[in-house]
Each structure stands twice: as C-alpha cells, then as structure tokens.
Amino acid sequence: MAVLGVATSGGHWFSALAFGVTLLKCLLIPTYHSTDFEVHRNWLAITHSLPMSQWYYEATSEWTLDYPPFFAWFEYALSHVAKYFDQEMLNVHNLNYSSSKTLLFQRFSVIFTDALFVYAVHECCKCIDGKKASKELTEKPKFILSVLLLWNFGLLIVDHIHFQYNGFLFGLMLLSIARLFQKRHMEGAFLFAVLLHFKHIYLYVAPAYGIYLLRSYCFTANKPEPTASSLFQTLPFQAGPLPCILGSKLLGFIQYFGQSAVCHRLLSVGKAGDASIFLILTTTGHYSLFPLLFTAPELPIKILLMLLFTIYSISSLKTLFRKEKPLFNWMETFYLLGLGPLEVFCEFVFHFTSWKLKYSFLPLLLTSAYCAVGITYAWFKLYVSVLTDPPIGKTKKQ
C-alpha cells in the first residue's frame with residue numbers, strides 16, 4: 001500500500017492501479033477453476049501436437065476447438081511457451097490433466113495477456129476531456145474510469161478464478177473504441193475485425209460499428225461528423241434480460257461490455273442519470289455472476305470483492321455528481337438492497353430447507369429472475385435517456 005501511495009502521489013497513478021490489480025490476480029492463482037481450464041488446456045494440446053488441418057476435427061476430448069482461427073493461433077503461440085512448464089499438458093490424450101506447473105502457466109497466461117487490456121484502458125482514458133476535472137486525483141474522471149475498468153469485479157472472477165481470456169479480448173474491443181474516439185477509424189475497424197476472428201460472440205456488436213462507421217467515415221459530406229460517443233448510444237440493443245435468464249456465464253461476456261460502454265459514456269458526457277444506469281447494471285450484472293463460483297472457499301472472496309467494488313463505484317460517482325440529484329430513487333434503492341437478503345437465502349438458508357433435494361435449481365432461478373429485472377430496467381432506462389436527451393455534441397456546446 002505504501003508503494004501504491006508513493007506512486008500515486010508521484011503522478012504514476014495509472015501504473016500503480018495496474019500493478020495493484022496484477023498483484024491481486026496473482027493472489028487468486030490457487031483458487032477454484034472451472035471446466036474452462038481443461039477446455040483451454042485441451043486446445044493447447046490440439047494446436048501444439050496436431051497439424052493445422054486437424055485442429056477443428058480432433059474429438060478425443062468433448063471440449064473440441066470451436067473458436068475462430070485467430071484464437072486457435074493464439075493457443076498455438078501459448079503452447080510453445082507451455083512446453084517449458086510441463087510437456088504433458090500438451091498431450092491430447094491426457095484428458096483432465098492438471099499439475100502445479102500447468103496451473104501456474106495457464107493462470108499466468110491470463111495475467112500476462114491482460115497487458116493488452118491495461119493498455120486499452122490507458123488509451124480510453126486519454127479520450128476523456130479533463131478540462132473540468134477536480135484537483136483531487138480520486139475525483140478525476142480518468143482515475144475513476146481506470147479503477148472501474150482495471151479493477152472490474154466481473155473480469156476478476158470470470159478470468160482469474162473461473163478461468164477465461166476475456167480481459168485480452170476486451171482489450172481489443174476497448175482499443176478499437178479508443179481509436180474511434182481518436183478519429184482513427186480504419187484502425188478501429190481493423191481491430192474490431194481482428195476481434196471477430198478471435199471470438200465470434202462479438203458479432204452482436206457489429207451492427208453498431210457498421211452504423212457508426214457509415215455515419216462518421218463513409219457518409220460525411222455536408223453533414224456534421226458524429227462523435228465517437230455516438231457509438232455508445234447505439235449499443236443498448238446489444239443485451240437484455242435474455243442473457244441473464246439463459247445463464248450467468250453468457251451474461252459475463254455480454255454485460256461487462258455494456259458496463260464499459262455506459263461507463264465511458266457516463267464519464268465523457270457527465271450525467272448523473274447515466275451514473276444511475278451504470279451502477280444498477282454493474283451491481284446487478286456482477287451479482288448474476290455469483291453462481292459461477294459455487295465452492296465454499298470462494299464464497300468470502302466473491303462477496304468481499306464485490307462489496308469493495310460496489311462501494312467504490314457508488315461513492316466515487318456520488319462524489320463526482322454531488323451537485324446533482326441523488327443517484328437512486330427509492331425503488332432503485334429498495335431493489336439493490338434486496339440483493340442482500342437474496343444472497344443470504346441462496347447461500348445459507350436454502351441449504352437447510354426441505355427444497356434442497358427436490359428443487360436444487362431454485363437459487364439459480366431466483367438469482368437469474370431477480371437480476372433479469374434489474375438489467376431489463378437498466379437497459380430500458382438507457383433507451384429512454386438516449387431517445388429523449390439532446391445529442392452529445394449539442395449538449396457540450398450548450
């Protein structure tokens with residue numbers, strides 16, 4: 001903490017934030033990991049030991065390679081580092097293979113590739129106008145955005161406990177958006193195309209990109225060029241209640257980008273209404289990820305990390321918009337506080353009831369349904385904001 005304090009006071013606050021969250025990720029190495037750990041180990045083995053023509057046909061394991069080619073090559077590159085840790089992890093027939101060296105390699109591969117995400121967050125922060133920023137570092141929009149993205153609770157538990165490579169992929173996404181803010185449209189479009197070749201799920205964002213690029217790059221004659229913030233105004237259609245109902249895991253691919261979109265719009269435009277939307281979406285979306293970590297040792301970790309992130313999010317945005325109306329109305333406050341009793345019932349009370357054996361799915365059902373309400377409300381509120389508020393350009397001129 002002393003090191004972070006010195007770095008912050010010396011002006012190197014972003015490096016301090018990135019270093020601090022990296023240390024936290026290292027502390028999470030021994031925690032529970034999901035079947036995705038074996039999925040990616042098997043992909044390492046497939047791409048390393050088989051010719052490229054067989055990568056998408058190998059079916060020794062049920063976890064066949066089903067990501068686009070760029071991710072396959074990404075696994076291939078990682079496998080050439082993995083062989084120096086434990087050669088046995090690269091054997092296709094070693095199903096469910098795990099060793100301490102395998103664990104260390106795969107965990108550190110996620111941490112190392114997160115460097116792209118850190119760089120992308122840094123580039124996004126450059127796009128925020130700091131002319132009206134507070135003199136206090138902790139109240140500066142750039143600082144708040146950095147914390148909300150770098151220390152995002154959802155990414156921490158999905159990537160560094162559950163095990164996935166979302167940070168690396170979101171790094172490509174955020175860097176693409178940063179380039180659009182910087183009027184480097186071709187580079188932004190190229191990065192997004194690269195992202196699609198890593199993971200096809202991002203295809204649902206493509207319509208927003210297409211519309212924005214048509215308006216800002218292709219058809220600009222005699223028309224005012226829209227700002228990159230307009231892209232965020234086209235994003236609310238990307239998710240809704242369905243992902244939460246279908247499962248918490250899918251919501252963790254989808255809801256994080258929704259948070260970052262609203263978050264960047266919030267801090268670049270400066271509206272308390274957007275702060276409310278962001279906080280409801282973030283808090284509800286993060287809680288919907290709780291079922292991913294169902295083992296007892298991770299219970300205090302996920303509760304503590306979410307509490308810390310939520311408290312910081314609310315307090316920092318409340319300070320940033322202290323001159324405006326309260327962030328939540330009574331209904332929103334009541335809903336968010338309801339997450340507490342829901343967690344107590346799902347994690348503690350339910351296991352002592354007679355429903356445990358016959359209705360084992362009930363906690364997940366309640367969590368999904370409750371979170372679906374909050375996420376639907378947040379997106380509806382964002383729709384209303386986008387459709388009724390004046391354009392961003394006009395707002396800034398006024």
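Visitor: Would you take a moment to explain the overall build of the chain for this structure?
Guide: A count of helices and strands for the chain gives 21 helices and zero strands. Counting every position in the chain, which comprises 398 residues, the buried fraction comes to 53%. Restricting the contact set of the chain to residue pairs at least 6 apart, pairs at least 24 apart contribute 75%. Split by element, the accessible area of the chain, about 18900 Å² in all, is 69% carbon and sulfur.

Visitor: I keep staring at the packing of aromatic side chains and nothing clicks. Help me out?
Guide: Here the distance between the centres and the angle between the planes together describe a pair of aromatic rings. Counted by the stated rule, this structure contains 27 aromatic pairs. Plain terms: the ring middles of Phe71 and Phe198 are 6.5 Å apart, the flat faces sit at 85 degrees to each other, and that makes the pair edge-to-face. Placement of the pair is Phe71 in helix H4 (residues 69-82) and Phe198 in helix H10 (residues 185-198), with a sequence separation of 127 residues. Residue class for Phe71 comes out buried when judged on its relative accessible area of 1%. Centroid distance Phe74 to Tyr165: 5.4 Å. Interplanar angle 85 degrees. Geometry classified as edge-to-face. Residue Phe74 is located in helix H4, and its partner Tyr165 is located in the loop between helix H8 (153-163) and helix H9 (166-181); the two are separated by 91 residues in the primary sequence. Each member of the aromatic cluster is reached from another via a ring pair, and the members are Phe37, Trp43, Tyr67, Phe70, Phe71, Phe74, Phe163, Tyr165, Phe168 and Phe198.

Visitor: Looking at this structure, how should I read the nonpolar core?
Guide: Among soluble globular proteins, nonpolar side chains are generally buried collectively. Residues Phe71, Phe117, Val121, Leu150, Met173 and Phe198 are the most contacted members of the largest nonpolar core, which totals 64 residues. At 11 residues, H9 tops the list of elements feeding residues into this core. Leaving out residues up to four positions away in the same chain, Phe198 has contacts with Tyr67, Pro68, Phe70, Phe71, Phe74, Phe168, Leu169 and Leu172. With 41 residues, the next largest nonpolar core counts Tyr32, Ile277, Phe290 and Ile375 among its residues.

Visitor: Looking at this model, I keep getting lost on unusual backbone geometry. Mind explaining?
Guide: Residues other than glycine predominantly adopt negative phi, and peptide bonds predominantly adopt the trans conformation. A positive phi angle, near 95 degrees, is found at Phe163, a position not held by glycine. Note on placement: Phe163 falls in helix H8.

Visitor: I keep staring at the pattern of salt bridges and nothing clicks. Help me out?
Guide: Any two side chains of opposite charge can pair, given that their charged atoms come close. According to the stated counting rule, one finds nine salt bridges in the structure shown. In this structure, the salt-bridge partner of Arg41 is Glu38, at a minimum N-O distance of 2.8 Å. Of this pair, Arg41 and Glu38 are both found in helix H3 (residues 36-49), three residues apart, which corresponds to roughly one turn of the helix. Here Arg41 matches Glu38 in class, with each residue buried. A salt bridge links Lys381 to Glu332; its shortest N-O distance comes to 2.6 Å. Here Glu332 lies in helix H17 (residues 330-337) and Lys381 lies in helix H20 (residues 362-388), a separation of 49 residues in the sequence.

Visitor: Explain H3 here, please?
Guide: Every α-helix winds through 3.6 residues per turn, so residues three or four apart in the chain are directed the same way. The terminal C-alpha atoms of H3, which comprises 14 residues, lie 20 Å apart, in line with the 20 Å expected from a rise of 1.5 Å per residue. A large share of H3 lies buried, amounting to 12 of its 14 residues. Where H3 is concerned, the buried positions are Asp36, Phe37, Glu38, Val39, His40, Arg41, Asn42, Trp43, Leu44, Ala45, Ile46 and Thr47.

Visitor: Can you walk me through helix H18 (residues 339-349) in this structure?
Guide: Taken as a whole, H18 has its buried residues at Leu339, Leu342, Glu343 and Cys346. Each buried residue of H18 lies within a common arc of 100 degrees when the element is viewed along its axis, so the set occupies one face. For H18, the secondary structure elements touched by its buried residues are helix H15 (272-287), helix H16 (299-320), H17 and H20.

Cut-off values and rules
Residues numbered from 1 in each chain as written. Predicted model: local features only at pLDDT ≥ 70, side-chain atom pairs only at ≥ 80, totals over all residues. Heavy atoms only, no water. Helix = DSSP H or I, 4+ residues; strand = E, 2+ residues; numbered from the N terminus. Buried < 20%, exposed > 50% of the residue type's maximum accessible area, 1.4 Å probe, protein only. Contact = heavy atoms within 4.5 Å. Areas by Shrake-Rupley, 256 points an atom, 1.4 Å probe, with all protein chains shown as cover. Phe/Tyr/Trp six-rings, centres within 6.5 Å; stacked < 30°, edge-to-face > 60°. Core = buried A, V, L, I, M, F, W, Y, C linked by side-chain atoms within 4.5 Å. Salt bridge = Lys/Arg side-chain N within 4 Å of Asp/Glu carboxyl O. Expected span 1.5 Å × (residues − 1). Arc of directions from axis to C-beta.

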